[in-house]
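# Examining the three-dimensional arrangement
The primary structure of each chain is shown beneath.
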Amino acid sequence: MSHDTIKDQSMLKQKEMIAGHFSKLATAKESGRKVVYTFVPGNLTELLLSFDLLPVYPEINALQSGMRKKSGAYVTEAEKYGHSEDVCAYVKSDIGMLKSGNIGPTGEKLPPPDLLLLSYTGCFTFMKWFELLKREYDCPVVMLHVPYQGDGTMTPDMRKYVVDQIKGELIPKLEQLSGKTYDEDRLKEYLRRSARAEDDLVWVLESARHRPSPIDGYFGGVYYIGPIFTAFRGTEDAIDYYRLLRAEVKDRIEKGLGPVTPEGHMGSEKYRLVVEGPPNWTHFNEFWKMFYDEGAVVVASTYTRVGGVYDLGFRHDPERPLETLADYCGGCYTNLNLPSRIDLLCKYVTEYQADGLLINSIKSCNSFSAGQLMMMREVEKRTGKPAGFVETDLVDPRYFSAANIKNRLESYLQMIEQKRKGGTTCSASLGDGVRRLEVLP
Amino acid sequence: MNVFCGIDLGSTTTKAVLLDERGDILGRGITNSRSNYFLAAEIARDEAFIGARFTLIDRELSRLSEGDKQSSGFRKRLLTQFRKQQLLSQLHLLRDKSIEEAATDRYRDIGHALNQKLIHIFETMEEGIRRPRLNAGKKSDFFRDQASSEYSRLAESVAEESIPFELLMSIFDKVIILVENQRMDLTFEGNIRTALGACIDGDNAGLADSYAQAVARAAAIPLTELRAIGTGYGRQRLPFPKEMIRSEILCHGLGANISFPGTATVLDIGGQDTKAIQVDARGIVTSFQMNDRCAAGCGRYLGYIADEMNLGVHELGPMAMNSTRHVKINSTCTVFAGAELRDRLTMGQRREDILAGLHRAIILRAMALLARSGGVSNEFTFTGGVANNQAAVAALRKLVSENYGDRKLNISPDSIYTGALGAAHFALRAESESRTESASPMSSSVGGSP
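Note that this is a predicted model, so its numbers are computed, not measured.

### Side note on the overall build of chain A
- Looking only at helices and strands, one finds 17 helices and 10 strands in chain A.
- In terms of overall size, chain A behaves like a compact globule, its C-alpha atoms giving a radius of gyration of 22 Å where 441 residues would be expected to give roughly 22 Å.
- Dimensions of chain A along its principal axes, counting C-alpha atoms only, are 80 × 50 × 50 Å.
- Considering only intrachain contacts with a sequence separation of at least 6, the fraction spanning at least 24 residues in chain A is 77%.

As structure tokens, then:
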């Protein structure tokens, strides 16, 4: 079918891009390329690429380890070195991977970092994580202090504060590391390409406003944000990828199709949800199945905004290269204050015509989890839509209790159903499908 | 007569509730869940139908002019005889299977002597059932528990060196599973005739005849189950059609609201989970929280503590009520609490005081869930097995009043049926909905606009 061919194109493209990047990393030493470890939120990929540096994102490696069922062993390996059960599972998976030979997601060895770059300080764990890596690798660290959006905006002073650090500390360090001088025109080219891909990404994410939604904006969404949030932003590859993806989604809308799941096209759309919080990676498909089996599609999620809330209007702006980078650092989702996060969730519930908000609270992620119960109550109050709460972890398989999560999710969906019916009854579709309980004659 | 059934497949027990079309409870049934949810559901449902027949008998008897007192005596005797018939059927199966087991090769050296001992044990047990019982204080409603305590008492008395107690018990343990998992006729239809014959002997002929006719009229009323809804942990294991399944959170919310119509907040502490539920005036769940990752502070915690102290679970509450000193227990981790318990006992603290502290610890955990679900509003209904524990109730009452002020606390002695009751009402509602729909055909709004 032509549809499947098109679907394969964007997935194959992404796969190819990832493989290419990891093979560059595997041969970095021989090719003389320098490697910078950095994190997804507020990453400065365009700047790094303009110096021909190769970025590595440790939390992406950790989530990949989770999906490949390797994180459990890595986590316990890290615990042998004294990391407590309550430490962020991304950190432990990364440390465990490092201690087990540092083999990356594609099976190739990852090079050690030449620089550790921290460009988002809203997550305290990130700092501790790089302290650990610094001890392992004994390499230089650059830490940009990025102010929290305490009042809900990035003020000119805050922007200047970050720009000054990029100019005064980061660029000199990158020049020294790469042996190249800062080329602002080159940076602008990267930023221009970023913005083009970002436009298509936003189009794809917002396609979920359709009924039925052609995409799952959470489980499917994490694949869609892959290139833009990591090493490919600012590249022609990213532009191509999002162009392909957009065409595929457009095709699905025209055909009236729902999202593609690991088991093919999703059946009829019964519930539209907004999800807050990262997914669980160790049981990703199992978790997703619990949704699509019930006809629940996620129309918007905050996790797909961790690397930038593009749908609020932000685009990388080549005319203000350093300012735009500063804005990007300060604009990632977890750097927003709680009232802004609540506003965003309410906006999603309303604009995407969702039936409610579901929070997947992550045991070891304070950046996301702090304040979630308050957010949940507030969104319920403002939108009048029911909210639900499940708890899992990122990559520690010990904290995924399938029966319990399924039970809660089903209860939540039935609660939505009950509310929809105005409370007199609660059955989902008791019209034609009614049968007696024949197992009990 | 049309009836509606709700079945709650719990981790420990399976419950069924049968409603008539007005929503009145006709009958209830409960059994232990075994490892076979399928059978457990059938048995609980059969029991609910038996309960329904007895309710119908009550209705018929109340129409007789001879006066309530005498007929209620008859009704009581009839039920006793009926239960006796059920017990005997199960006992006979247990006996036959045990004797079959004793005849296997494994016991060929002691076969005859073993057979004699088993026959003696079962004859004595049967006598015990047939004899009118004076001390009715039985511990459990389940055949397994009743048979187990009687069998082990007798096994202890007949055991000797060549046929030790352990050997006799190992036969019982093996066979009771077979008996529990074998379908046998314990139904109303199968046993009522014998029961009736056994209990109208003493009455005068005219009265006996009118009783028998009342029973016959009750038995003749056709009971048509229009809908059944399943809930509880085992619900996924039964081939219920998807529309016939509700989560136990919704069922507990609705069940509590049916039992106590003013209910706004529900706390359910069961064997393996604790649920804090908020419902609106119609019993619809608006918010809920459950324990997860860890079952600390659930019913099993008390079971473990009872084992540690060599007590029955039902003894914990009354003992804790005799506490005179406040003891603070920090751990709600079941295993740690066991350690803390032993530690405090060696320090010379009183069991009563420690137990009161343990009950408080459970309730503190429940308080945290309640807070997360949106607090405690008026009225507040407490359900689940732990609601029968007076020390837990006392701790809850105190903590709720300290944290939320005066709240009306509802506890039903039948709270164990709350989930099944909610499920049965969902069945009833589904029926009335489908009638409304077929009366005025409207497009179903599944996935429709909010």
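### Structural notes on the overall build of chain B
- When you go through chain B residue by residue, the secondary structure sums to 14 helices and 9 strands.
- At 25 Å, chain B has a C-alpha radius of gyration in line with the 22 Å of a compact globule built from 450 residues.
- Principal-axis analysis of the C-alpha atoms places the extent of chain B at approximately 70 × 70 × 45 Å.
- Counting every position in chain B, which comprises 450 residues, the buried fraction comes to 43%.
- A sequence separation of at least 24 residues applies to 72% of the contacts in chain B between residues at least 6 apart.

### Details of the nonpolar core
- If you look at the biggest cluster of nonpolar residues, it comprises 224 residues, and the most contacted ones within it are V274(A), L345(A), C5(B), L18(B), A424(B) and A427(B).
- Setting aside its immediate chain neighbours within four residues, L18(B) contacts V3(B), C5(B), L26(B), G27(B), A48(B), F49(B), G51(B), A52(B) and A424(B).
- In this structure, L91(B), M125(B), L168(B) and V175(B) belong to the second largest nonpolar core, which totals 18 residues.

### Some remarks on the sheet that holds strand β4 (residues 141-143) of chain A
Residue and element names in this part refer to chain A.
- Taking strand neighbours across the sheet as the criterion, the 4 strands line up as β2-β1-β3-β4 in an open arrangement whose pairing is parallel. Each of the sheet's edge strands pairs with one partner strand only, and the pair in question is β2 (54-56) and β4. The sheet shows a mean angle of 25° between the axes of neighbouring strands, taken without regard to direction.
- Strand direction decides the pairing type here: strand β1 (residues 35-38) and strand β3 (residues 115-118), joined by 3 bridges, are parallel.

### Considerations on the pairing of strand β10 (residues 387-392) of chain A
Residues and elements named next belong to chain A.
- Among the 6 residues in β10, 6 count as buried, and that is most of the element.
- Burial of β10 is two-sided: the residues A387, F389 and E391 facing one way and the residues G388, V390 and T392 facing the other way are all buried.
- Bridge analysis of strand β9 (residues 356-362) against β10 gives 6 bridges, and the strand direction is parallel. The residue of β10 that forms the bridge with I359 is F389.

About the cut-offs
- Residues numbered from 1 in each chain as written.
- Chains lettered and ligands numbered in written order.
- Predicted model: local features only at pLDDT ≥ 70, side-chain atom pairs only at ≥ 80, totals over all residues.
- Helix = DSSP H or I, 4+ residues; strand = E, 2+ residues; numbered from the N terminus.
- Rg over C-alpha atoms; globule rule 2.2 N^0.38 Å.
- Contact = placed C-beta atoms within 7 Å.
- Buried ≥ 20, exposed ≤ 12 C-beta atoms within 10 Å, placed from the backbone.
- Core = buried A, V, L, I, M, F, W, Y, C linked by C-beta atoms within 7 Å.
- Pairing = 2+ DSSP bridges.
- Axes fitted to C-alpha atoms, helices over the stretch in contact; angles between N-to-C directions.

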